Amino acid sequence: MRTPSLTSTASFQALENHAAQAEDWEMRSLFAADPQRFEKLSVEAAGLFLDYSKNRLDGRTLELLAELARERGVEARRDAMFAGERINNTENRAVLHTALRAPRGAKLVVDGQDVNADVHAVLDRIRTFTDAVRSGEWLGHTGKPITDIVNIGIGGSDLGPKMVVLALRHYTHPRLKMHFVSNVDGHDMDAALSQVDPETTLFIVASKTFTTAETMMNAQTARSWFLERAGEEALAKHFVAVSTNTEAIKAFGIDPANMFPFWDWVGGRYSVWSAIGLSVALAVGFGYFSDFLAGAHALDEHFRTAPIEQNMPMLLALVGFWNREFLDAHSVTIAPYHQDLNRFPAYLQQLDMESNGKCVTREGEPVDTPTCPAIWGEPGTNGQHAYFQLLHQGTDLTPIDFIAALRPAHEMEHHHTALLANCFAQSEAFMKGKTIDEVRADLQAQGLPADEIERLAPHKTFPGNRPSNTILMERLTPSTLGALIALYEHKTFVQGVIWNVNSFDQWGVELGKVLAKKIEAELLGEPQPANHDSSTNGLIARAKAAF
Ligand SMILES: O=P(O)(O)OC[C@H]1O[C@](O)(CO)[C@@H](O)[C@@H]1O
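Remember, it's a predicted structure, so these values are computed and weren't measured experimentally.

**Examining the overall build of the protein chain**
Turning to step 1, where the next piece is worked out: Along the protein chain, the regular secondary structure elements total 22 helices and 13 strands.
Turning to step 2, where the next piece is worked out: Expected size for 547 residues packed as a compact globule is a radius of gyration near 24 Å; at 25 Å, the protein chain falls within 12% of this value.
Turning to step 3, where the next piece is worked out: Burial analysis of the protein chain (547 residues in total) assigns 53% to the buried set.
Turning to step 4, where the next piece is worked out: A separation threshold of at least 6 residues defines the contact pool for the protein chain, and within that pool the share at least 24 residues apart is 74%.
Turning to step 5, where the next piece is worked out: Surface exposure of the protein chain reaches about 23,500 Å², of which carbon and sulfur atoms provide 54%.

**Describing the UniProt feature "active site" (unreviewed entry) in the protein chain**
Turning to step 1, where the next piece is worked out: Feature annotation in UniProt places "active site" (unreviewed entry) on E354, H385 and K513, given in this structure's numbering. Across 160 residues of sequence, these annotated residues are also dispersed in space, with a maximum C-alpha separation of 36.7 Å. Checked against the lining of the largest pocket, the annotated residues just named reduce to E354 and K513.
Turning to step 2, where the next piece is worked out: Here E354 is in contact with R269, Q349, D505, Q506 and V509, once residues within four sequence places are set aside.
Turning to step 3, where the next piece is worked out: In this structure the side chain of E354 is engaged in a polar contact, spanning 2.8 Å, whose partner is the side chain of R269.
Turning to step 4, where the next piece is worked out: Inspection of the secondary structure puts K513 in helix α21 (residues 510-524).
Turning to step 5, where the next piece is worked out: Looking at K513, the relative accessible area reads 44%, which means it is partly exposed.

**Side note on the sheet that holds strand β1 (residues 42-45)**
In a beta sheet, neighbouring strands are held together by backbone hydrogen bonds and run either parallel or antiparallel to one another.
Turning to step 1, where the next piece is worked out: In spatial order, the strands read β1-β2-β13-β12-β10-β11; together these six strands make up an open sheet with mixed pairing. The open sheet has two free edges, formed respectively by β1 and β11 (374-377), since each of these has just one partner strand. Strand after strand, the sheet turns through a mean of 20 degrees between neighbouring axes, direction not considered.
Turning to step 2, where the next piece is worked out: The pairing of strand β2 (residues 48-51) with strand β13 (residues 468-473) spans four bridges and is antiparallel. Bridge pairing in β13 places F49 opposite L472.

**Structural notes on the packing of helix α6 (residues 115-135) against helix α12 (residues 286-305)**
Turning to step 1, where the next piece is worked out: Where α6 contacts α12, the axes come no closer than 10 Å and their chain directions differ by 145 degrees. Between α6 and α12, the residues in contact are L123, I126, R127, T130 and D131 and F286, F289 and L293, respectively.
Turning to step 2, where the next piece is worked out: For the contact of α6 with α12, a count of residues per class yields five nonpolar, one polar and two charged.

**What to know about the pattern of salt bridges**
Turning to step 1, where the next piece is worked out: Enumeration according to the criterion identifies 29 salt bridges in this entry.
Turning to step 2, where the next piece is worked out: With a shortest N-O distance of 2.8 Å, D34 and K40 are connected by a salt bridge.
Turning to step 3, where the next piece is worked out: On the accessibility criterion, K40 (51% relative accessible area) is exposed.
Turning to step 4, where the next piece is worked out: The residue R440 makes a salt bridge to D437 at a minimum N-O spacing of 2.9 Å. Placement of both R440 and D437 in helix α18 (residues 436-445) is noted, with a separation of three residues, approximately one turn of the helix.
Turning to step 5, where the next piece is worked out: With relative accessibility at 52%, the residue D437 sits in the exposed group.
Turning to step 6, where the next piece is worked out: When salt bridges that share partners are traced, they join E91, R93 and D264 into one network.

Analysis parameters
- Residues numbered from 1 in each chain as written.
- Predicted model: local features only at pLDDT ≥ 70, side-chain atom pairs only at ≥ 80, totals over all residues.
- Heavy atoms only, no water.
- Helix = DSSP H or I, 4+ residues; strand = E, 2+ residues; numbered from the N terminus.
- Rg over C-alpha atoms; globule rule 2.2 N^0.38 Å.
- Buried < 20%, exposed > 50% of the residue type's maximum accessible area, 1.4 Å probe, protein only.
- Contact = heavy atoms within 4.5 Å.
- Areas by Shrake-Rupley, 256 points an atom, 1.4 Å probe, with all protein chains shown as cover.
- UniProt positions renumbered as here; feature names shortened; annotations may be inferred.
- 1 Å grid on protein atoms, 1.4 Å probe; cavity = no way out; pocket = protein on both sides within 12 Å on 5 of 7 lines; lining within 4 Å.
- Polar contact = N/O pair within 3.5 Å; in protein donor to acceptor, adjacent residues only side chain to side chain.
- Pairing = 2+ DSSP bridges.
- Axes fitted to C-alpha atoms, helices over the stretch in contact; angles between N-to-C directions.
- Nonpolar A, V, L, I, M, F, W, Y, C, P; charged D, E, K, R; others polar.
- Salt bridge = Lys/Arg side-chain N within 4 Å of Asp/Glu carboxyl O.

In structure tokens:
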């Protein structure tokens, strides 16, 4: 059955009418009118707390948004995902990253295959291997323990592991130095190889497909570098692979005994929970890796069972949808007030934009509303001194997600107090703004002459009324990090269902890949191609002249 277009649904139309009335709402007044607003518009789950009260909405808005989620079948699609139905309809695949973090013994049989048993069999192998490397029992070819791990992968085979290893810096093994090489730009590989010793380095080639051009080139380069220094028989102690493609791994020369498999029902950007997380398990140890999975599972259980009105990922998604559709927010800023989460915005860029950056529905019809906003950000305090100017006084409305841990992992308490003060102050400033009369009063109190006050006042006025969410956790731990990532995964899922796009394919990355192959051959060959547009022909010619 065809899904009705979004704008034709009764709940969307009700929201449109409601949005017309809400246009003039001031958050200051909404807060003043309801002293319970914070208690009402906040929710707790799996070690996370979400305050969504600083958005331009009221109880009725939330009722209508929940109605929309129901009308779009969000709950039914969620249940289908957890049950292993093939909801990725353009690739005819199930979507089961939630199964990767389900505890041993959870029942899930898909197409006659015991998914839970398969997952835990691989986890057992990850435990054995990572324990051996971490304890120093696994030795390099000259009998020395491993000191450096180089993860070679890109997209989901890089962003997740790298972000998590950085975020869990405090849990990492003191002997193991982690390196991540993703870019086909040789400078990336050069930087890693210049720091490592072939006798004590373990390379992980991480690629779901084992065909991704950048990763294959990087893996071949690392292999040649290693063979020149150590020889073929040493390879097994220094190269392992993570993939769904056993044949390609064998062809590359990695022993399948050193391969950690996963399955086609794990999307690249949802794969950090699978063997793609091998570098995480090596860095923090299997115990903390298990806590990371358990934190995500706790959030999964909340998402699976809580009613929409109290369901954190649903609420985050619905509020984001409201801002996108009715407040015309073209982008969302992610502002972690935690330095160790500095790659989290980059991670969310792939998660959200590769999932929902789509312009046709699951049935291939053009969508009838805007879909995924652009996602960007940096650690919050750094952003404050760079682009927050635009967020406060620019002409676009850009909602912000503030993320903070209440307790630090260091002992410099005064730093942490300053950090949290900044985080809360920013969300207050975005909400309240500063009226021109407040500015005038300030300037008067400073004793400025009247004409100077009038000259400066417009510049010092803040429109305010700018929406934000704040996500808090007690500490950034493996478990709360797992929950945080799962929160955003499910938020992305819910928005995808409302827009009726397939959040689990990524056809938009293919065209560039195909053209790059062709141009790479042209850059290397003769004659100068003339079959492109004049710009592309001209750029190729300039590069060939420089070779
Ligand atoms: O793990 P692989 O197969 O090398 O893919 C890497 C990345 O490339 C993409 O397919 C995009 O080209 C991502 O979805 C994926 O995470």
